Amino acid sequence: MTKSIVVDHVSKRFTMRYHRTIKQMSIARLRGQEISDSFLAVDDVSFTVDQGESIGLMGLNGSGKSTLLKVINGVMAPDAGQVLTRGRIAGLIATGAGFHPQLTGRDNVYLNAAILGMTEKETKARFDDIVEFADIGRFLDTPVGHYSSGMFARLGFAVAVHTDSDIFLVDEVLAVGDKPFKKKCMEKMKEIKASGRTLFYVSHAAGSVRKMCDRVIVLEKGRKAFDGPADEGIKFLHYDDTEDDVSSEEEQDEELGSDV
Amino acid sequence: MTTTVDREHAEVPEDDLAGMRAPAPQGGLVDVFRHRYILKLLVRREISARYQGSVLGLLWSYVQPLTRFVMYYFVIGMVIGLDRGVEYFGIHMFAGMVFVHYFTETFTAGTRSIMRNSSIVKKMAMPREMFPVASMLVSAYHIIPQLVILITVCMIVGWAPDMAGMFAGLLGFAIVAVLGTSLALLFSAANVFARDFSNIVQTLTNFVHLAVPMIYPYTLVASRFGADHVNLYLANPLAEAVLLIQRCFWVGVTSDPEQTALTQMPDNLFTRGLIQLACCLVFLLIAQLVFTRLERKFPERL
Ligand SMILES: Nc1ncnc2c1ncn2[C@@H]1O[C@H](COP(=O)(O)OP(=O)(O)O)[C@@H](O)[C@H]1O
Ligand SMILES: [Mg+2]
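Definitions and cut-offs
Residues numbered from 1 in each chain as written. Chains lettered and ligands numbered in written order. Predicted model: local features only at pLDDT ≥ 70, side-chain atom pairs only at ≥ 80, totals over all residues. Heavy atoms only, no water. UniProt positions renumbered as here; feature names shortened; annotations may be inferred. Helix = DSSP H or I, 4+ residues; strand = E, 2+ residues; numbered from the N terminus. Buried < 20%, exposed > 50% of the residue type's maximum accessible area, 1.4 Å probe, protein only. Contact = heavy atoms within 4.5 Å. Lys, Arg positive; Asp, Glu negative; His and termini not counted. Charge placed at Lys NZ, Arg CZ, Asp CG, Glu CD. Pairing = 2+ DSSP bridges. Axes fitted to C-alpha atoms, helices over the stretch in contact; angles between N-to-C directions. pLDDT = per-residue confidence, 0-100. Expected span 1.5 Å × (residues − 1). Arc of directions from axis to C-beta. Phe/Tyr/Trp six-rings, centres within 6.5 Å; stacked < 30°, edge-to-face > 60°. Lys NZ or Arg CZ within 6 Å of the ring centre and 35° of its normal. Core = buried A, V, L, I, M, F, W, Y, C linked by side-chain atoms within 4.5 Å. Buried area = accessible area lost by both parts, 1.4 Å probe. Salt bridge = Lys/Arg side-chain N within 4 Å of Asp/Glu carboxyl O. Polar contact = N/O pair within 3.5 Å; in protein donor to acceptor, adjacent residues only side chain to side chain. Parallel < 35°, antiparallel > 145°, perpendicular 65-115°, else oblique. Left-handed = near helix turned anticlockwise from the far one by under 90°. Nonpolar A, V, L, I, M, F, W, Y, C, P; charged D, E, K, R; others polar.

An unreviewed UniProt entry lists chain A under the name ABC transporter ATP-binding protein, with Nocardioides iriomotensis given as the organism. Per UniProt, chain A carries the Sequence similarities (unreviewed entry) text "Belongs to the ABC transporter superfamily."

The following block contains the structure:
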């Protein structure tokens, strides 16, 4: 089977700094307090993902999901182990990255798409679809600084879901945008899954994970605690009894907010 | 290496790994030029964002250097009187100012560039050298109007451009560009770890105007410092670059360019220039190595 992602004994260490200014640091040192402390946000995690698989990455807040996604995305380098990927990576992780408030929606679409790895030609070919998906109408040629936060997010999403990629990463982002838009995003993700691309989906929402994913990986304090079929993974987390349908999942997402 | 197929522990037969790679870009200045399209858009973004919503727009690129020039000309020339004995002191000064401005803009904007683009750096894998390089290119774009003014004025007063002068101009420009980029790389990375660095840069750039023969003639330094100390003064790559720039523009407008080049410029101007450029290239390499080391920690420190 063709591998899409190989995560091989990956660890990522973070340093927590308690004091920032020189004054605070010297006082802390005089008192014998810790100035910094390090911990493993991702701790010796290994797994492989086949081409076309869809994985739900679950776990409590702070368990290291976003960090693992950043390592897979290549933004962060692992401190130990290695990650290998095949093909282009995109996803709902860098939505709106590089958006400049003073530039128009149109200019920002091109820049954001380029940052997500698209060429000028590809962006041109998808431009109309992107604009239609974002549904921003005649605001397209006004500065994005004047957009409502919903419009801003929609435009970022629209670019992201239209990027060509072999691996699509999603990090609990469905908390922004209104209901019809969330529906549209879920539809789009299903489309992506159906097209045989690898999907890596971080979510607290058992309902949508069950719908979207074949396999669930659970992180607990940075360590892989579970790796197996989606149903069992959700049971493992005891998320099962609470929510089941898309609407409660959306409430859940709203409650938990988004840290993207 | 191993041959077991175990999905949970990532031991994969080597055949399956064919064509896979680490997701992070190689990085480095070389990789920046492989991502030219993003670079182009980033530069364009900065340029068009700068004058968005202003009525005069690009005209400001002319107004600002002109006012700065008039102010300097008035204070240095008329009030302090450093222009005595310098033919076309205005051109002597302005030629230097254009390139010193290019340097300080590259340095200050470059130093802030990683922080300013933290939303991209935190989320997307791309060569981060992109941002200081974009700052350098944006600064270069903004000196074009000033160069237009400079060349126009030179033409009006009767400029006799020569090959050696042209070469001097290019060499001076190269020194400023390479030095500015190196410092931008170094300080943009350092600025992620302590914001103090952007303040340090502000302080440093204040000295630049005084450390180069721009608002005073080189001959003044030569006569006051004596031979040994002049070499120290000329060890400053920016002083050398400004002299090369003046060799290009100012020398050509004086009444006897040959004589000016002989008496008003240091000896071995070109040899010194080439050595300086080589030193700046080595410095660029060092800056790149430091940047690569520090870059690993960018996403978590922003
Ligand atoms: N840049 C950082 N510096 C220090 N600690 C961090 C940083 N980013 C995340 N962490 C810590 O790493 C742990 C894992 O974070 P994260 O991957 O965001 O978790 P999750 O996405 O599962 O909620 C948390 O304890 C978080 O506080
Ligand atoms: Mg997270």
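Following the structure, the description resumes.
Caption draft 1: Just the overall build of chain B, in detail. The helix and strand tally for chain B stands at 15 helices and 0 strands. Overall, the C-alpha framework of chain B stretches about 85 × 50 × 35 Å when taken along its three principal axes. By residue count, 51% of the 302 residues in chain B fall in the buried class. The long-range fraction of contacts in chain B, counting pairs at least 24 apart against all pairs at least 6 apart in sequence, stands at 77%. Counting 23 positive and 21 negative side-chain charges, chain B places the centres of these two groups 9 Å from one another.

Caption draft 2: Local environment of the sheet that holds strand E2 (residues 36–50) of chain A. Residue and element names in this part refer to chain A. Overall, antiparallel pairing links the 3 strands, which are arranged E2-E1-E4 in an open sheet. Across the chains shown, the open sheet's two edge strands, defined by having one partner strand only, are E2 and strand E4 (80–85). Strand after strand, the sheet turns through a mean of 25° between neighbouring axes, direction not considered. Here strand E1 (residues 3–17) pairs with E4 via 5 bridges, running antiparallel. Bridged to aspartate 8 within E4 is glutamine 82. Across the sheet, helix H2 (residues 65–73) touches E1, E2 and E4, and the angle it forms with E2 is around 60°.

Caption draft 3: Molecular detail of the confidence of the model for chain B. Per-residue pLDDT for chain B has a mean of 89; in total, 96% of the residues score no lower than 70. For the stretch residues 1–5 of chain B, pLDDT sits under 50, and the model shows 10 contacts to residues farther than four places along the chain or on other chains.

Caption draft 4: The arrangement of helix H9 (residues 196–211) of chain B in detail. Residue and element names in this part refer to chain B. With 16 residues, H9 extends 23 Å from end C-alpha to end C-alpha; this agrees with the ideal 22 Å at 1.5 Å per step. Within H9 the residues assigned to the buried category are Ser198, Val201, Thr205, Val208 and His209. Projected onto a plane normal to the axis of H9, the buried residues spread over an arc of 85° and lie on a single side. In H9, the exposed positions angled more than 90 degrees off the buried face are occupied by Asn199, Asn206, Phe207 and Leu210. Looking at the buried side of H9, the elements it contacts are helix H4 (60–80), helix H5 (89–116), helix H8 (163–193) and helix H11 (237–248).

Caption draft 5: Just unusual backbone geometry, in detail. Positive phi, normally seen in glycine, also occurs at aspartate 135 of chain A, with a value near 55°. Mapped onto the elements of the fold, aspartate 135 of chain A is located in the loop between helix H4 (120–134) and helix H5 (149–161). One non-glycine residue, tyrosine 88 of chain B, lies in positive phi territory at about 40°. Following the sequence through the fold, tyrosine 88 of chain B ends up in the loop between H4 and H5.

Caption draft 6: Here's a closer look at the packing of aromatic side chains. According to the stated counting rule, one finds 19 aromatic pairs over all chains in the structure shown. Ring geometry for tyrosine 73 of chain B versus phenylalanine 89 of chain B: centroids 6.3 Å apart, planes at 35°, classification tilted. Taken as a pair, tyrosine 73 of chain B in helix H4 and phenylalanine 89 of chain B in helix H5 lie far apart in primary sequence, 16 residues in all. Every member of this aromatic cluster is reached through a ring pair, and the members are Phe69, Tyr73, Phe89 and Phe94 of chain B. Taking the ring centre of phenylalanine 139 of chain A as reference, the NZ or CZ of arginine 138 of chain A above it sits at 5.5 Å. Above the ring of phenylalanine 133 of chain A, the side-chain terminus of lysine 184 of chain A is found at 5.0 Å from the ring centroid.

Caption draft 7: Region of interest: the nonpolar core. Counting 132 residues, the largest nonpolar core has Leu155 and Tyr201 of chain A together with Met93, Phe103, Met130, Phe131 and Phe249 of chain B as its most contacted members. It is H5 of chain B that provides the largest number of residues to this core, a total of 13 residues. Not counting the four nearest positions on each side in its chain, leucine 155 of chain A is found in contact with Phe99, Gly105, Val109, Ala134, Ile136, Val144 and Tyr147 of chain A. Val10, Ala41, Val42 and Ile72 of chain A belong to the second-largest nonpolar core, a separate cluster that totals 25 residues.

Caption draft 8: View of the side chain of arginine 301 of chain B. With respect to the element layout, arginine 301 of chain B can be found in helix H15 (residues 298–301). In this view, arginine 301 of chain B contacts Arg17 of chain A together with Val192, Phe193 and Arg195 of chain B; residues no more than four positions away in its chain are not counted.

Caption draft 9: The arrangement of the interface of chain B and chain A in detail. Residue-level contacts link 41 residues of chain B with 54 residues of chain A. Approximately 3,800 Å² of surface area, both sides summed, lies buried where chain B meets chain A, with 55% of it carried by carbon and sulfur atoms. Put simply, lysine 40 of chain B and glutamate 120 of chain A hold a salt bridge, and the shortest N to O gap is 3.8 Å. Counting across the interface, chain B meets chain A through 4 residue pairs in polar contact (both at pLDDT 80 or more).

Caption draft 10: Structural context of the packing of H11 of chain B against helix H14 (residues 269–295) of chain B. All names here are of chain B. Taken N-terminus to C-terminus, the directions of H11 and H14 make an angle of 135°; their axes are 10 Å apart at the nearest point. The angle between H11 and H14 places the two elements in the oblique class. Once H11 is placed against H14, the crossing between them reads as left-handed. In contact with Pro237, Glu240, Leu243, Leu244 and Arg247 of H11, H14 contributes Leu269, Phe270, Arg272, Gly273, Gln276 and Cys280. Its residues assigned to classes, the contact of H11 with H14 shows 6 nonpolar, 2 polar and 3 charged.

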